[in-house]
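Survey of secondary and tertiary structure
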Amino acid sequence: MDNKVALAGLAEEATEWRRRLHEHPELEYALHGTAAFVAEKLASFGANKIETGIAETGIVALIHGELGDGPTIGLRADMDALPIVEASGKPWSSKVPGKMHGCGHDGHSAMLLGAAKYLARTRKFKGTVALIFQPAEEAGRGGERMVQEGIMERFGISQVFGMHNYPGLDVGKFMICSGPIQGGLAEFDLTVKGRGGHASTPHKNVDPIVIGAQIIMGLQTLVSRSSDPRDALVISVTKLYAGDSYNVIPQHAKISGTVRFIEPHLPDFAEQAIFNVAQGIARAYGADVDFEYRRLEPITINHEVETGLAVDAARALVGHDSVDDRMKPGMGAEDFAYMLEARPGAYIFLGNGDTPSVHNPAYDFNDNALPYGIGYWINLAERILAA
């Protein structure tokens, strides 16, 4: 896309849309206001088809090119917010207590809307662009549900692409890599079953809190001493619940956490290893454990050809040196992974500048990044669907 005047105008409009979405955050699948806003904009642009209600509040809109028949490519943006009290101090801060766009999905949606307006106006491509607006990326696996509801088959999508902002990366720069780019995710719950009693007679009890502390420390060795140091694995204990009284040793202690991984064999390893360590320690102290392990999201894996297409589109916009095509994979999970399992595609990061990190109460999407995201989507669509 080489029309800088048009891109600047789109970015100005997208800033208004983004801030409006930011003021009215919604969670998971309950995106009724957000989805209505997105659908209204798509209709005003002249999208050829708009289907709502996919995975409850998801949307797929089609824009046909005027240069003849061709494939359909999918461009995806997520729409949901987070259950966080905002502390950004911006004039457009959340008007909904306890909810905020703390991951930039307002910016993602605004950038895809900006690209949609341009593509619907110009249509200088063959085939079709499918605009995918997804609910529930943060907690509800909305990407998986949209795939399960058949969006790839129903709309004939042959390739699919995603984008996410990246605090700490300069505005106007991109990062991507072929192969794994984001980690897979599992979570676990361990219940230590001891024997409760009065705190003054610990010798008559089996203290699940002390045992739980030993288990937590034991889990720290799974990455440092039990897994291959060349494999990326993170095991984090994030919850610990036990007891209700100062003078009672409780019956149970509950330990919960997450497992993040890059290699496909690691979730199996982690499941067995966590259980073995926990059960071994618990039984040594006369207790036992109940264990639950849930696999939530697969590894986000970029396909080689589509990664090359994404790199070319970004470099055509910002130049060769502003696109790092060999970034190190991150360990955060992303349910766009399900779309990449269903179709070849690529996921790219866009610089958000020197801002607080995502999921931080002070975070805000950087509006200066909007023209780069819009321009990337336009370049990608027009280059892949060139006549």
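Worth saying up front: this structure is predicted, and the values here are computed from it rather than measured. Within any chain, residue numbers begin from 1 and follow the written order of that chain's sequence. In keeping with the model being predicted, local features are shown solely for residues with a pLDDT of at least 70 and side-chain atom pairs are shown and tallied solely at 80 or more, while totals for entire chains, interfaces and linings include all residues. Hydrogen atoms and water are omitted, and side-chain values are computed over all heavy atoms in the structure.

Quick look at the packing of aromatic side chains now. The aromatic pairing rule takes the rings of Phe, Tyr and Trp, using the six-membered ring of Trp, and pairs them if the centres are within 6.5 Å, calling planes under 30 degrees apart stacked, those over 60 edge-to-face and the rest tilted. Inspection of every chain in the model, using the stated rule, returns eight aromatic pairs. Relative to F45, the ring of W17 has its centre 5.7 Å away and its plane inclined at 40°; by these criteria the two rings are tilted. With W17 in helix α1 (residues 4–23) and F45 in helix α2 (residues 32–45), this pair connects stretches of sequence that are 28 residues apart. Arranged with centres 5.6 Å apart and planes meeting at 40°, the rings of F174 and Y376 form a pair that is tilted. Placement of the pair is F174 in strand β6 (residues 174–175) and Y376 in helix α10 (residues 370–384), with a sequence separation of 202 residues. As far as the burial class goes, F174 and Y376 line up, both buried. Taken together, the ring pairs in this structure connect Y166, F336, Y347 and F349 into an aromatic cluster. Either the NZ atom of lysine or the CZ atom of arginine qualifies as a charge over a ring when it sits within 6 Å of the ring centre and within 35 degrees of the ring normal. The aromatic ring of W92 is capped on one face by R19, whose charged end is 3.6 Å from the ring centroid. The ring of Y29 has R145 lying over it, and the distance from NZ or CZ to the ring centre is 4.6 Å. Strands are runs of DSSP state E lasting at least 2 residues, helices are runs of H or I lasting at least 4, and numbering of each runs from the N terminus. Relative accessibility under 20% of the residue-type maximum defines a buried residue, over 50% an exposed one, and the middle range a partly exposed one, all with a 1.4 Å probe and only protein chains included.

Quick look at the layout of surface pockets now. In this analysis a 1.4 Å probe is tested at points of a 1 Å grid over the protein atoms alone, and where it fits but cannot get out there is a cavity; an open set with protein on both sides within 12 Å along at least five of seven lines is a pocket; lining residues have an atom within 4 Å of a point. Grid points are joined across faces, edges and corners, and a volume is the space filled by probe spheres set on the points. Taken as a whole, the largest pocket encloses approximately 860 Å³ of empty space. Elements represented by at least two residues in the lining of the largest pocket include exactly β5 (157–166), β8 (184–193), β10 (233–242), β12 (252–261), β13 (288–297) and β16 (345–351). Classification convention: Asp, Glu, Lys, Arg as charged; Ala, Val, Leu, Ile, Met, Phe, Trp, Tyr, Cys, Pro as nonpolar; all other residues, Gly among them, as polar. For the lining of the largest pocket, a count of residues per class yields 15 nonpolar, 12 polar and 11 charged. Quantified by volume, the second largest pocket comes out at close to 180 Å³. Along its surface, the second largest pocket is lined by 17 residues, and K90, D364, F365, N366 and D367 are the ones closest to its centre.

Turning our eyes to something else, we now look at the pattern of salt bridges. Basic side-chain nitrogens of Lys or Arg form a salt bridge, by our definition, when they fall within 4 Å of a carboxyl oxygen of Asp or Glu. If you walk through the whole model with that rule in mind, you get 26 salt bridges. With its nearest N and O atoms 2.9 Å apart, the salt bridge here joins R18 to D106. Within this pair, whereas R18 is found in helix α1, its partner D106 is found in helix α3 (residues 105–122), the two being separated by 88 residues in sequence. Residue R18 shares its accessibility class with D106, and that shared class is buried. Residue K90 pairs with D364 through a salt bridge whose shortest N-O separation is 3.2 Å. In this pair, K90 sits in the loop between β3 (72–78) and α3 while D364 sits in the loop between β16 and α10, placing the two residues 274 residues apart along the sequence. One salt-bridge network, in which partners are shared between bridges, spans R18, R19, K90, D106, D364 and D367.

Should DSSP find at least two bridges between two strands, the strands are taken to pair. Across the sheet, which stays open at both edges, the four strands sit in the order β10-β12-β8-β13 with antiparallel pairing between neighbours. Here the strands that pair on one side only, and so sit at the sheet edges, are β10 and β13. Taking each pair of neighbouring strands and ignoring which way they run, the sheet shows an average axis angle of 15°. Pairing between β8 and β12: 10 bridges, direction antiparallel. Bridging across to β12, F188 finds its partner in G257. Lying on the sheet, helix α6 (residues 208–226) is in contact with β8, β10, β12 and β13; it crosses β10 at an angle near 170°. The strands touched by helix α7 (residues 266–284) are β8, β10, β12 and β13; relative to β13, the strand with the most contacts, the crossing angle is about 165°. Only C-alpha atoms enter the line fits that serve as axes; for helices the fit covers just the stretch in contact. Angles between N-to-C directions range over 0 to 180 degrees. Whether two residues are in contact is decided by their heavy atoms: any pair within 4.5 Å suffices.

Here the expected span of a helix is defined as 1.5 Å times the quantity of residues minus one. The first and last C-alpha atoms of α7 sit 27 Å apart over 19 residues, in line with the 27 Å expected at 1.5 Å per residue. Taken together, the buried positions of α7 are L266, P267, A270, A273, I274, A278, Q279 and A282. Against β8, α6, β10, β12 and β13 lie the buried residues of α7.

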